[in-house]
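# Descriptive analysis of the structure
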Amino acid sequence: MMIDPVIAWWGAGLSTLLATVKLYELWRDRFRLDVTYKFTSDVGRGNDVLIRNLSGRPVILEHWELFYREGRWPRHKEEDIAYAEHDSNDKRIDAYNTHTLHFSDENYFSWGHSALNGRRIFIRLHLAGRGAQCRKVYPA
């Protein structure tokens with residue numbers, strides 16, 4: 001008769017442990033995207049914007065827009081820097097991989113204090129199945 005409560009407590013403890021492991025796996029494998037930069041003052045070498053897929057599954061980048069943003073929501077103003085051509089193909093970013101957007105020569109943009117003039121640089125990423133995501137690039 002004393003064995004029934006022990007089995008019940010053992011089952012409750014084991015199921016709680018397995019649920020904790022499953023929640024940890026879901027948290028670890030969640031969708032994560034990181035955007036960073038490598039800017040230079042040399043027009044020939046150019047600027048790079050790096051899009052890192054930190055999740056365990058590939059993502060498809062349909063379109064992107066790089067722009068200056070001034071002000072705060074809901075009264076912010078945006079000025080385009082560059083964007084992907086609408087007829088360009090989707091770009092697959094594999095799991096734990098990086099996609100680099102390179103801006104040099106005629107695509108080069110200024111990022112110094114005088115060029116920004118209080119603005120920040122953002123990128124809007126249009127991902128398949130996830131919609132648009134806006135991320136701050138600089139100043140980080």
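What comes next concerns the included structure. (Residues numbered from 1 in each chain as written. Predicted model: local features only at pLDDT ≥ 70, side-chain atom pairs only at ≥ 80, totals over all residues. Heavy atoms only, no water.)

## Brief notes about the overall build of the chain
- A tally of helices and strands in the chain yields two helices and eight strands.
- Put simply, the chain runs from its N terminus to its C terminus through helices and strands in the order α-β-β-β-β-β-β-α-β-β.
- The C-alpha radius of gyration computed for the chain amounts to 23 Å, which surpasses the reference 14 Å derived for 140 residues by more than 25%, pointing to a less compact arrangement than a globule.
- Across its three principal directions, the C-alpha atoms of the chain cover 80 × 35 × 25 Å.
- Counted over contacts in the chain with a minimum sequence separation of 6, partners at least 24 positions apart contribute 62%.
- In the structure as shown, the chain presents an accessible area of about 9,900 Å², 53% of it carried by carbon and sulfur atoms.
- For the chain, the distance from the average position of its 20 positive side-chain charges to the average position of its 18 negative side-chain charges is 8 Å. (Helix = DSSP H or I, 4+ residues; strand = E, 2+ residues; numbered from the N terminus. Rg over C-alpha atoms; globule rule 2.2 N^0.38 Å. Contact = heavy atoms within 4.5 Å. Areas by Shrake-Rupley, 256 points an atom, 1.4 Å probe, with all protein chains shown as cover. Lys, Arg positive; Asp, Glu negative; His and termini not counted. Charge placed at Lys NZ, Arg CZ, Asp CG, Glu CD.)

## Digging into the side chain of His 99
- Here His 99 is to be found in strand E6 (residues 97-103).
- Of the residues examined, His 99 reaches a relative accessible area of 16% and is grouped as buried. (Buried < 20%, exposed > 50% of the residue type's maximum accessible area, 1.4 Å probe, protein only.)

## Focus: the layout of surface pockets
- Of the pockets and cavities examined, the largest pocket occupies roughly 240 Å³.
- Considering the residues around the largest pocket, the lining is formed by Asp 29, Arg 30, Phe 31, Ser 55, Gly 56, Arg 57, Pro 58, Val 59 and Arg 130.
- Residue composition of the lining of the largest pocket, grouped by class: three nonpolar, two polar and four charged. (1 Å grid on protein atoms, 1.4 Å probe; cavity = no way out; pocket = protein on both sides within 12 Å on 5 of 7 lines; lining within 4 Å. Points joined across faces, edges and corners; volume = space filled by probe spheres on them. Nonpolar A, V, L, I, M, F, W, Y, C, P; charged D, E, K, R; others polar.)

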